[in-house]
Amino acid sequence: MPELNPNLRNDRSFPGQGIFRDQAGLEVDGRGLIWRLNSPRVALRLNWSLMPSLPDGVLVATTAFMRNVIETQNAQSAHNTFSHLKEVLKSDVFAAAFIEGMPGFGTFQEYLNTVENSWRAHYARQWFEWCSTMGYPDFSAEVALEISRLRVGGNEKGRAVLSADPQAGPLLDQEVSSLINALRASGDLLSLQERALIWLCLALGPNPMQIAHLREEDVKIINDDDRPAFFHLSVPRMKKREAEMRSSFRTRALTWEIGSILIDLMEENAKRRSDAKIPDRLGHIFPLFPRDSIRASALGTPLEELALHHSSPDIGKMLSEAIDRLAVPSRTAGERLRVTCRRLRYTFATRLVREGVTKREVADLLDHTDLQNVQVYFDIKSDIVQKLDKAIAMAVAPIAQAFMGQIVLDDGYAVRSGDPDAKIAVVDEINGAIKEVGTCGEFSFCRLSAPVACYTCAKFQPWVEAPHHLLLDDLLKERERKREAGLDGRMVTLMDNTILAIADVIQRIDARQGVQTP
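Residues numbered from 1 in each chain as written. Predicted model: local features only at pLDDT ≥ 70, side-chain atom pairs only at ≥ 80, totals over all residues. Heavy atoms only, no water.

## Examining the sheet that holds strand 8 (residues 423-428)
Part 1 of the argument: Strand order in the open sheet formed by three strands is 8-9-10, with antiparallel pairing between adjacent strands. Lying at the two open borders of the sheet, with one neighbouring strand each, are strand 8 and strand 10 (460-462). In this sheet, neighbouring strand axes are inclined to one another by 40 degrees on average, regardless of whether the strands run parallel or antiparallel.
Part 2 of the argument: Here six bridges tie strand 8 to strand 9 (residues 433-440), and the two strands are oriented antiparallel to one another. Opposite Ala425, over in strand 9, you have Glu436 as the bridge partner.
Part 3 of the argument: Its contacts with the sheet put helix 17 (residues 468-484) on strand 8, strand 9 and strand 10, and the angle it makes with strand 8 is roughly 55 degrees. (Pairing = 2+ DSSP bridges. Helix = DSSP H or I, 4+ residues; strand = E, 2+ residues; numbered from the N terminus. Axes fitted to C-alpha atoms, helices over the stretch in contact; angles between N-to-C directions. Contact = heavy atoms within 4.5 Å.)

Here is the structure:
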């Protein structure tokens, strides 16, 4: 490992950048070896004593580069840039180059060809190009032009998405269905905060910092005749050209189901606030996902207004632990589904592409400023709409867990036994007959279409002795017809959850009767 720069042993010998303001307008002290960034996350610091040995002129240019990054990007992006640039400059390839003079085009080429995490060269290229543009003498304009043409590979995100990594990549449709079904049936297993968090991550694909910064005022309820009709959420922006702390927003529509959960969450929050001791100066700040206690370290600092907010790692941990408790099966036999905010973000993006959303629209929904950041999702578009036949449906059904009702022997064992209006039937087109398949256990009027909607309803009670395969075969034929016709992926997969629910019912009945499912 290259030795640390001997000139960075104390603050007096360090070519600092004075006191300046970051992107959010907050002061950063760049005079010493430790630059503390203003971030509501865990403490973020740039420790210059960890930077490898650099020529004096290069070190001056590098500190100026990092000051510019801090002034124009959010704290996390600045920290990432420093960390990755440090790793590149510490590498044997660049250390050898500095012994000879300055890194050239060949240095970058060798790094890309020999270093495992070569995507980090992207940060070194930004550094070199900026320093060259600003006229620092050690940075050749000719080299900057040459390295600008180098193709730098993607980072872990690109590999995880393109390879459909079962541990880090986007979730399969069946896994999403399983997660949603388990979420709806979770009962007291999850807190309101956890349920709301999972729903928002599924519906919007946000990064955890956006969730952490949400406040109750961001939930917009549009009433119709004094009753909630629509729900909108103003999501804080967290990109490089936006200030760190709630300076701008993107409005996103929410479903009635999610909006109702957020209303319940805000009512619960109000009860908790009435019992908490909150300083008057924070009494007007109501996070949508509040901490159990005030973050004392934030009081009296520029980040005081976030003292009641969770940090980004808090949100990530809450999501992962909540989904783990749901015990959703994964595509890997015998393993639970492991989910992070990032995986749900990948999943959200891949599903957008399948629905025919343009690159610009995907970038907007993910809050990206560069269309190149979403190209990876379009590169896998052809693999998204998967074939689903009866054999596959039977194999996947136990994983999807789409059926949430209760199987009964016949109508005599149903909740609404003997009620002719409660019986659910399918059409046997081959024999030209109507065949009853189960009983509806809901005593109120249902506006959903029977029998298709019944198999994914927790109130449905399918009978053991019933021809459930009739509806399964019809839906599979219709799905294949749409797929062969080249229809939009959203239309092809519209009934997949119902198909898997019916397959689940058939398998459970077969297991109950000791029949071996083919």
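## Regarding the nonpolar core
Part 1 of the argument: Of all hydrophobic cores here, the largest spans 44 residues; its most connected members are Ile198, Leu200, Phe289 and Leu319.
Part 2 of the argument: No other element matches helix 9 (residues 192-204), which puts nine residues into this core. (Core = buried A, V, L, I, M, F, W, Y, C linked by side-chain atoms within 4.5 Å. Buried < 20%, exposed > 50% of the residue type's maximum accessible area, 1.4 Å probe, protein only.)

## Looking at empty space enclosed by the protein
Over the atoms, a rolling probe the size of a water molecule traces out where space has been left empty.
Part 1 of the argument: Under the definition given, this model contains two cavities of 30 Å³ or more.
Part 2 of the argument: In this structure, the largest cavity spans a volume of roughly 90 Å³.
Part 3 of the argument: For the largest cavity, the lining is made up of 13 residues, of which Gln210, Val235, Arg252, Leu365 and Asp367 are closest to its centre.
Part 4 of the argument: If you list the elements that add at least two residues to the lining of the largest cavity, you get strand 6 (227-236), strand 7 (249-254) and helix 14 (359-366).
Part 5 of the argument: Residue contributions to the lining of the largest cavity peak at three residues, all from helix 14.
Part 6 of the argument: When the residues that make up the lining of the largest cavity are grouped by side-chain class, the tally is six nonpolar, one polar and six charged. (1 Å grid on protein atoms, 1.4 Å probe; cavity = no way out; pocket = protein on both sides within 12 Å on 5 of 7 lines; lining within 4 Å. Points joined across faces, edges and corners; volume = space filled by probe spheres on them. Nonpolar A, V, L, I, M, F, W, Y, C, P; charged D, E, K, R; others polar.)

## Topic: the pairing of strand 1 (residues 18-21)
Looking along a regular strand, one sees the side chains alternate between the two faces of the sheet.
Part 1 of the argument: The sheet contact formed by strand 1 and strand 2 (residues 27-30) spans four bridges and is antiparallel. Note that in strand 2 the partner of Arg21 across the bridge is Glu27.
Part 2 of the argument: Linking strand 1 to strand 2, which pair antiparallel, is a turn of five residues; within it Gly25 sits at a positive phi near 85 degrees.

## Describing helix 11 (residues 256-275)
Part 1 of the argument: With 20 residues, helix 11 should reach 28 Å at 1.5 Å per residue; the first-to-last C-alpha distance of 30 Å fits that figure.
Part 2 of the argument: Three or more residues of helix 11 are buried, namely Ile258, Gly259, Ile261, Leu262, Leu265, Met266 and Asn269. For helix 11, the angular spread of buried residues about the axis comes to 150 degrees, placing them on one side. Away from the buried face of helix 11 by more than 90 degrees, exposed residues Lys271, Ser274 and Asp275 are located.
Part 3 of the argument: Tucked inside the fold, the buried residues of helix 11 contact helix 9, strand 5 (219-224), strand 6 and strand 7. (Expected span 1.5 Å × (residues − 1). Arc of directions from axis to C-beta.)

## Things to note about the confidence of the model for the chain
Part 1 of the argument: Of the residues in the chain, 87% reach a pLDDT of 70 or more, and the chain-wide mean stands at 83.
Part 2 of the argument: Taken element by element, the chain is modelled with least confidence in helix 7 (residues 156-162), mean pLDDT 62, and with most confidence in helix 9, mean pLDDT 95. (pLDDT = per-residue confidence, 0-100.)

## Considering the environment of Arg354
Part 1 of the argument: Its place among the elements puts Arg354 in helix 13 (residues 341-354).
Part 2 of the argument: For Arg354, a relative accessible area of 8% corresponds to the buried category.
Part 3 of the argument: With 139 residues separating them along the chain, Arg354 and Thr493 place their C-alpha atoms 10.0 Å apart.

## Points about the sheet that holds strand 5
Part 1 of the argument: Judged by pairing direction, the sheet is antiparallel, and its three strands sit side by side in the order 5-6-7 without closing on themselves. Either end of the sheet is taken by a strand with one partner, and the two such strands are strand 5 and strand 7. Strand-to-strand twist in this sheet, taken as the mean axis angle between neighbours without regard to direction, amounts to 25 degrees.
Part 2 of the argument: Examined bridge by bridge, strand 5 and strand 6 share six bridges and lie antiparallel to one another. Its bridge partner lying in strand 6, Ile222 is registered against Phe230.

## Overview of the side chain of Ser132
Part 1 of the argument: With respect to the helices, strands and loops of the structure, Ser132 is situated in helix 5 (residues 121-133).
Part 2 of the argument: With relative accessibility at 14%, the residue Ser132 sits in the buried group.
Part 3 of the argument: Excluding anything up to four places from it in sequence, Ser132 contacts Phe139, Ser140, Ala141 and Ala144.

## Side note on the packing of aromatic side chains
Part 1 of the argument: Applying the stated rule across the entire model yields 15 aromatic pairs.
Part 2 of the argument: Consider the rings of Phe14 and Trp35, whose centres lie 6.4 Å apart with planes at 75 degrees: the pair is edge-to-face. Linking Phe14 in the segment before strand 1 with Trp35 in strand 3 (residues 34-37), this pair joins segments that are 21 residues apart in sequence. When sorted by exposure, Phe14 lands in the same class as Trp35, which is buried.
Part 3 of the argument: Put simply, the rings of Phe94, Phe108, Tyr111, Trp127, Phe128 and Phe139 touch in pairs and so form one group of aromatic residues.
Part 4 of the argument: Cation over ring: Arg273 sits above Phe286, and NZ or CZ is 3.9 Å from the ring centre. (Phe/Tyr/Trp six-rings, centres within 6.5 Å; stacked < 30°, edge-to-face > 60°. Lys NZ or Arg CZ within 6 Å of the ring centre and 35° of its normal.)

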